[in-house]
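# Working through the structure, step by step
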Amino acid sequence: MLVIMDARASDEDIQRVENRIRELGYTPHPIPGATRLAIGVTGNKGIEDRIYLEGLPAVLQVIPVTKPYKLASREIKPENSVVSVGNAKFGNGNLVMIAGPCAVENRDQTLRIAELVASKGAHMLRGGAYKPRTSPYTFQGLGEPGLEILAEARERTGLRVVTEVVDPGLASLVAQYADMLQIGTRNMQNFELLKEVGKLGKPVLMKRGMSATLDETLMSAEYIMSHGSHDVVICERGVRTFASHARNTLDVSIIPALKQVSHLPIIVDPSHASGNRTSVIPLALAGVGAGADGLLVDVHDDPAHALVDGPQALLPDDFSQLMHLLARISAALDRSFNLFSTEATEET
Ligand code: PEP
Ligand code: MN
């Protein structure tokens, strides 16, 4: 349920309501809104206990939340959430570009590609130090030395870093280096991992499971949010279908559907969706056209020798072309698309 507080509620009024929620055995989640504060309640089964809250000072209304996910739902928070990672803002109408290699292969490769994508205006750097691979015989990632390389790339370029966490036991280590923690498609329902990552309180990029429904996706976001991190960005990266012409099928239809029921930002990964460089730009544009808040794309300057996912990586010139197209498309869609600049002062 959701407790709507009077706009003039004092800290004491709010504290009183939160205490009463805890006394009932539930968890309060204050949700500041543009015009009023609301307190989300999780842990309750029904709405019978509303009578213990309705009579308290400064409580305007107690309303049921009908969706199985609560904190991720628009019923609890009607306005869009904006997730900030440095200067990159997801969900405020602006378009965020995250680019980089699929994997951190070595120091030179990562620094080179980081400089390249920064020079072309990307807002964040991607790159896996821990890689969840289908085959145990393929490159599994550099591990902590890979995280150190990402941190150095951030130092040099100013780009904030998103990288994947594959193991709950490694979550706090990855969080020491990363600005945003990525949950991969294969781990979207690794609930212990979601809880651990949620507790760290850092922004999270959660990829949709490759066969997950919209409700399942939002329930996984709910795991992260209910454990402490409210800064969750969802990523559509393609789902498994019968189509054999692409690695996955990019489900752009989830973007408007998700925005209708959730306040969370959603971005699109056209690289893992297609598995094929020639499809990446068209799918990126489709994602933006459908309302995505940003993109995550693989970029490599020597994809023929990439250790992971070379065939889907954009070449530097392809990436420039995509950035130019995005500038034009975002203008046509009344979206803003400011290229990354190290001169931009960081808002807190
Ligand atoms: C990735 O982005 O590096 C990745 C492994 O993607 P996914 O989890 O979508 O397969
Ligand atoms: Mn990959």
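Residues numbered from 1 in each chain as written. Chains lettered and ligands numbered in written order. Predicted model: local features only at pLDDT ≥ 70, side-chain atom pairs only at ≥ 80, totals over all residues. Heavy atoms only, no water.

Bringing the coordination of the manganese ion (ligand 2) into the picture now. Around the manganese ion (ligand 2), the protein contributes the donor atoms Cys102 (SG), His272 (NE2) and Asp309 (OD), which lie 1.9 to 2.2 Å from the metal centre. Sequence spacing of the donors to the manganese ion (ligand 2): C-x169-H-x36-D. Of this pair, Cys102 sits in the loop between strand S7 (96-100) and helix H3 (107-119) while His272 sits in helix H9 (residues 270-274); the two residues are 170 residues apart in sequence, bridging distant segments of the chain. Accessibility classification places Cys102 together with His272 in one group, the buried group. (Donors = N, O, S within 2.8 Å, 3.2 Å for Na, K, Ca; no water. Helix = DSSP H or I, 4+ residues; strand = E, 2+ residues; numbered from the N terminus. Buried < 20%, exposed > 50% of the residue type's maximum accessible area, 1.4 Å probe, protein only.)

Turning to the domain arrangement of the chain, a few remarks are in order. The domain architecture assigned to the chain consists of domain 1 (2-63) and domain 2 (83-347). Between the C-alpha centres of domain 1 and domain 2 there is a distance of 35 Å. (Domains from an automatic or database assignment.)

This brings us to the pattern of salt bridges. Following the criterion strictly, the structure yields 18 salt bridges and no others. With a shortest N-O distance of 3.5 Å, Glu152 and Arg156 are connected by a salt bridge. With Glu152 and Arg156 both in helix H4 (residues 144-157) and four residues apart, the pair spans about one turn of that helix. Glu152 sits in the partly exposed class, given a relative accessible area of 24%. Residue Arg156 is classed as partly exposed on the basis of its relative accessible area of 46%. Glu236 serves as the salt-bridge partner of Arg208, at 2.8 Å between the closest nitrogen and oxygen. Note that Arg208 is positioned in the loop between strand S11 (204-207) and helix H7 (214-226) and Glu236 in strand S12 (residues 232-236), a separation of 28 residues in sequence. (Salt bridge = Lys/Arg side-chain N within 4 Å of Asp/Glu carboxyl O.)

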